[in-house]
2 protein chains.
Amino acid sequence: MNDPEPALVALDWGTSGQRAWLLGADGRILGTRRSGRGLMAVTEGIDPGDPAAREAAYEAALHQACGDWLAGGLPAIACGMVGSAQGWTDTGYRTVPSTLDFTGLVPVPHRDGVLHLVPGLRMPSGELPGDVLRGEETQLAGMSDLLTGRCATVVLPGTHSKWVRVERGEVTAFATAMSGELHGLLTAHGIFARTAAEAVRDDVAFERGLTAGRRARGLSTELFGARPLVLDGELAPASLPDYLSGVLIADEVSHLVPGGETGVVVCGTADLCRRYAAALAHHGVEAAVRTEETAAEGLWRIATAAGLVTEGKS
Amino acid sequence: MNDPEPALVALDWGTSGQRAWLLGADGRILGTRRSGRGLMAVTEGIDPGDPAAREAAYEAALHQACGDWLAGGLPAIACGMVGSAQGWTDTGYRTVPSTLDFTGLVPVPHRDGVLHLVPGLRMPSGELPGDVLRGEETQLAGMSDLLTGRCATVVLPGTHSKWVRVERGEVTAFATAMSGELHGLLTAHGIFARTAAEAVRDDVAFERGLTAGRRARGLSTELFGARPLVLDGELAPASLPDYLSGVLIADEVSHLVPGGETGVVVCGTADLCRRYAAALAHHGVEAAVRTEETAAEGLWRIATAAGLVTEGKS
């Protein structure tokens, strides 16, 4: 079977990086690219209050990433922070409860056509502070087959992990934990940055961290516990990042794991899915795992629903 | 009444700063100095593995801080990170349980005499990771009148807050929460550093943070909650630091507040004591407050017990 004709350029364009896919007429992935051209790199050195400067910077980054794919006038779609207030243009948010058929794409012209941005999701502030997500709505769309007709909690770990409640094809609520960012701050700065050696993977240290993070002394105390362990020679400095990862993920999961329910799906990089699945297993929850390619699937579905591509054309 | 003769130079010499007192023969404070010459500033640019380089750097810093006080050959004493492995010399730790009459001072010679370093306290690792403190043992000694003959929890907030259990004049256990460091990391780096404006004091934002930090969603989630509040215009960027402070302190206090006991003492800067007392009040605990001058009192008592000074001489 020959490769189908290219039909869509799809991007998951986040804060710290960007993934781009060339998709064929049947939705199949023909090419994948990954770069560090996220919101932070793109907007570095420009005035964030100047929309024209931002547009020029994002257009240049888009063409650097996949100008060759776009040259033929292919339709293009992107989700993630590219649609935020500091992005190419602010697409706003759809308010939950929201179905998984994400509509209301916002077109931005580029030199070879139009890029369609997917809006994010917003939970209004009530008794709890509100919350927002961008990009994860597309991953949810990419697993709609798994989610339609049932209730599930979807965990999307990352710099800011999202815990999304889906009830029969509808997003009803979500919460964000900043464990990934805390891990980055703790290992790059402060006392642990002074202690840490070149990091090595240490599954035993990660498991010890998981155990610590389930205790009742609180996150701030269990994180500090890594220091006496290093001083006592019980934890190698190179294993600090994995220990801290265990503490942070266990604490997050302990607080957010849904009670009395096992329909948990974890979607993210293989490494983060492994870590969250391990933490969930300590609560007796076996998680279904979806990879990051789910975003490509979601972008394809949203583009199809919006009429940007016609499934099966070739 | 005339000032008594100077009798002791006393220093609380920590990681990020240094306080020095000139004490009279009755223990009264004759002079106070505060500088940023903590462990980090002193060891910057020198090889921490070279003891001679470290000694020279600490001696220079001591004489910069209070060479004029020391010139007459006065006895001198110091507590804090100056006695750590990265300090002037490593004084080691006394193991808990430990009485409040801290002995075993470690002498280090300087050009005009000898500086006596107070060793820290250590809780050995058991089921929980062990823990260490340095400097706080001296503050405990400074409030031994308050602590002898009763049971109390002493909270010493700072970059690394210590929660110390004292039972009838003996330190029996303690735990460290790194909420202060987390606050520093969150406001100096990462997503909140991008959002924050020049900080202003905002007691309402602090109280809202206290409320958030007592909820069951977990620290990592409640910290992130500040972001949607700012996006929704419900929290001013300049009030972010006080909101985050509330979340961190409430979470720490919720986990570490002793159950069924009201004998809590808070000792630290006026600002931190105010914040911790407010968080404790939400748990129905009225805290006794001691200021930082408690360290000077502790240094005087330890020096007296060690025979460095004779109380009442003049």
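Residues numbered from 1 in each chain as written. Chains lettered and ligands numbered in written order. Predicted model: local features only at pLDDT ≥ 70, side-chain atom pairs only at ≥ 80, totals over all residues. Heavy atoms only, no water.

Peer 1: Quick question: what am I supposed to make of the overall build of chain A here?
Peer 2: Along its length, chain A carries twelve helices and 15 strands. At 21 Å, chain A has a C-alpha radius of gyration in line with the 20 Å of a compact globule built from 314 residues. For chain A, the C-alpha atoms occupy an extent of roughly 60 × 50 × 45 Å along the three principal directions. Expressed as a percentage of its 314 residues, the buried residues of chain A come to 55%. Sequence-distant contacts in chain A: of pairs separated by 6 or more residues, those separated by 24 or more amount to 64%. Element-wise, carbon and sulfur atoms account for 51% of the exposed surface of chain A, whose accessible area totals about 12,100 Å². Each charge class in chain A was averaged separately, 26 positive and 38 negative side chains, and the resulting centres sit 2 Å apart. (Helix = DSSP H or I, 4+ residues; strand = E, 2+ residues; numbered from the N terminus. Rg over C-alpha atoms; globule rule 2.2 N^0.38 Å. Buried < 20%, exposed > 50% of the residue type's maximum accessible area, 1.4 Å probe, protein only. Contact = heavy atoms within 4.5 Å. Areas by Shrake-Rupley, 256 points an atom, 1.4 Å probe, with all protein chains shown as cover. Lys, Arg positive; Asp, Glu negative; His and termini not counted. Charge placed at Lys NZ, Arg CZ, Asp CG, Glu CD.)

Peer 1: Would you explain the domain arrangement of chain A in this entry?
Peer 2: Many structure descriptions define interface size as the accessible area lost when the parts assemble. Splitting chain A by domain gives domain 1 (6-148 + 295-305) and domain 2 (179-290). Measuring from the centre of the C-alpha atoms in domain 1 of chain A to the corresponding centre in domain 2 of chain A gives 30 Å. (Domains from an automatic or database assignment.)

Peer 1: I tried to follow the packing of aromatic side chains on my own but got confused; where do I start?
Peer 2: Each aromatic ring pair is characterised by the separation of its centres together with the angle its planes make. All names here are of chain A. On inspection of all chains with the given rule, the structure shows six aromatic pairs over all chains. Between Trp13 and Trp88, the aromatic rings sit 6.4 Å apart at their centres with planes inclined by 85°, giving edge-to-face as the arrangement. Separated by 75 residues along the polypeptide, Trp13 in strand S1 (residues 6-13) and Trp88 in the loop between strand S4 (76-79) and strand S5 (93-95) bring together distant segments of the chain. With respect to burial, Trp13 and Trp88 carry one shared label: buried. With a centroid separation of 6.3 Å and 20° between ring planes, the pair formed by Tyr58 and Trp88 is classed as stacked. (Phe/Tyr/Trp six-rings, centres within 6.5 Å; stacked < 30°, edge-to-face > 60°.)

Peer 1: When you look at the pattern of salt bridges in this model, what are you seeing that I'm missing?
Peer 2: Residues and elements named next belong to chain A. Taken as a whole and judged by the stated rule, the model has 32 salt bridges over all chains. A salt bridge links Arg217 to Glu222, with the shortest nitrogen-to-oxygen separation between them at 2.7 Å. Notably, a salt bridge pairs Arg274 with Asp271, separated by 2.7 Å at the nearest N-O pair. In this pair, Arg274 and Asp271 are both assigned in helix H11 (residues 270-281), three residues apart and thus about one turn of the helix distant. Each of Arg201, Asp203, Asp242, Asp271, Arg274 and Arg275 takes part in one network of salt bridges that share partners. (Salt bridge = Lys/Arg side-chain N within 4 Å of Asp/Glu carboxyl O.)

Peer 1: Hey, could you run me through the sheet that holds S1 of chain A in this one?
Peer 2: Picture the strands of a sheet paired through backbone hydrogen bonds; they go either parallel or antiparallel. Residue and element names in this part refer to chain A. Taken in spatial order, the six strands make up an open sheet running S3-S2-S1-S4-S8-S7, and their pairing is mixed. Every interior strand has two partners, whereas the edge strands, strand S3 (29-35) and strand S7 (106-110), have only one. Strand-to-strand twist across the sheet, computed as the mean angle between neighbouring axes with direction ignored, equals 20°. Where S1 and S4 come together, four bridges link them in parallel fashion. Across the sheet, Leu11 pairs through a bridge with Ala78, a residue of S4. Packing of helix H12 (residues 294-305) onto the sheet brings it into contact with S1, strand S2 (18-24), S3 and S4, and relative to S1 it is tilted by some 120°. (Pairing = 2+ DSSP bridges. Axes fitted to C-alpha atoms, helices over the stretch in contact; angles between N-to-C directions.)

Peer 1: Mind showing me how you'd approach the interface of chain A and chain B here?
Peer 2: The partner chain B presents 50 residues to the 51 residues of chain A that form the contact. For the pair chain A and chain B, the summed buried surface comes to about 4,000 Å²; carbon and sulfur atoms form 63% of the total. Inspection of the chain A/chain B interface yields zero salt bridges. The interface formed by chain A and chain B holds eleven residue pairs in polar contact (both at pLDDT 80 or more) in total. Elements that contribute at least two residues to the side of chain A that touches chain B include exactly helix H1 (39-43), strand S10 (131-133), strand S13 (170-177), helix H5 (179-188), helix H6 (190-195), helix H8 (219-224), helix H9 (226-231) and helix H10 (240-256) of chain A. A per-element tally of the side of chain A that touches chain B places H8 of chain A first, with six residues. (Buried area = accessible area lost by both parts, 1.4 Å probe. Polar contact = N/O pair within 3.5 Å; in protein donor to acceptor, adjacent residues only side chain to side chain.)

Peer 1: Can you walk me through the relation of the copies chain A and chain B in this structure?
Peer 2: Between the two copies of the chain lies a relationship made up of a rotation around an axis and a movement along it. Aligned on chain B, chain A shows an RMSD of 0.0 Å; the corresponding rotation is 180° and the shift along the axis is 0.0 Å. What the rotation and shift describe, once combined, is the action of a two-fold rotation axis. Among all C-alpha atoms of chain A, that of Leu185 of chain A lies closest to the rotation axis, at 3.1 Å. Residue by residue, 98% of the interface of chain A is reproduced at the interface of chain B, so both copies engage with the same surface. (Least-squares fit on C-alpha atoms with pLDDT ≥ 70 in both.)

Peer 1: I tried to follow empty space enclosed by the protein on my own but got confused; where do I start?
Peer 2: To find leftover empty space, one rolls a probe the size of a water molecule over the atoms. Evaluated as defined, the whole model comprises one cavity of 30 Å³ or more. Put simply, the largest cavity is a space of about 40 Å³. Contributing to the lining of the largest cavity are Pro129, Gly130, Asp131 and Thr176 of chain A together with Arg217, Thr221, Phe224, Gly225 and Pro228 of chain B. (1 Å grid on protein atoms, 1.4 Å probe; cavity = no way out; pocket = protein on both sides within 12 Å on 5 of 7 lines; lining within 4 Å. Points joined across faces, edges and corners; volume = space filled by probe spheres on them.)

Peer 1: Would you mind showing me how to read the environment of Gly49 of chain B here?
Peer 2: Tracing the backbone shows Gly49 of chain B in the loop between helix H1 (39-43) and helix H2 (51-70). Between the C-alpha atoms of Gly49 of chain B and Gln86 of chain B, which are 37 residues apart in sequence, the distance is 8.4 Å.

Peer 1: What exactly am I supposed to notice about unusual backbone geometry here?
Peer 2: Leaving glycine aside, a negative phi is the common case for residues, and trans is the common case for peptide bonds. All names here are of chain A. Following Val96, the chain continues into Pro97 via a peptide bond in cis, with omega recorded as 0°. One can find Pro97 in the loop between S5 and strand S6 (98-99). Phi at Arg168 takes a positive value of approximately 45°, unusual for a residue other than glycine. The topology assignment puts Arg168 in the loop between strand S12 (161-167) and S13.

Peer 1: What am I meant to see in helix H2 (residues 51-70) of chain A here?
Peer 2: All names here are of chain A. Taking 1.5 Å of rise per residue, 20 residues should cover 28 Å, yet H2 covers just 23 Å from first to last C-alpha, more than 12% shy of that figure. When the local axis directions of H2 are compared, the greatest deviation, roughly 65°, occurs at Gln64. Residues of H2 that are buried include every one of Arg54, Ala57, Tyr58, Glu59, Ala61, Leu62, His63, Ala65, Cys66, Gly67, Trp69 and Leu70, and no others. Taking the backbone nitrogen of Ala52 as reference, a side-chain oxygen 3.1 Å away marks Asp50 as the first, capping residue of H2. (Expected span 1.5 Å × (residues − 1). Bend = angle between axes of the 7 residues up to and from the residue.)

Peer 1: In this structure, what is going on with the state of the cysteines? I would like to understand it.
Peer 2: Should the sulfur atoms of two cysteines be covalently bonded, the bond is a disulfide. Counted according to the given criterion, the structure contains zero disulfides over all chains. Between Cys79 of chain A, a free cysteine, and Cys267 of chain A, which holds the nearest cysteine sulfur, the sulfur-to-sulfur gap is 11 Å. A relative accessible area of 0% places Cys79 of chain A in the buried class. No disulfide involves Cys273 of chain B; its sulfur sits 6.3 Å from the nearest other cysteine sulfur, which is in Cys267 of chain B. When its relative accessible area of 2% is taken as the criterion, Cys273 of chain B is described as buried. (Disulfide = S-S within 2.5 Å.)

Peer 1: Honestly, the environment of Glu137 of chain A in this entry has me stumped. Any pointers?
Peer 2: All names here are of chain A. For Glu137, the position within the fold is in helix H3 (residues 136-142). Its relative accessible area of 0% is what places Glu137 among the buried residues. With 37 residues separating them in the primary sequence, Glu137 and Leu100 have C-alpha atoms 7.5 Å apart. Ignoring any residue separated from it by four or fewer positions in sequence, one finds Glu137 in contact with Cys79, Phe102, Val118, Pro119, Gly120 and Leu121. A polar contact of 2.9 Å, which involves the side chain of Glu137, links it to the side chain of Thr138.

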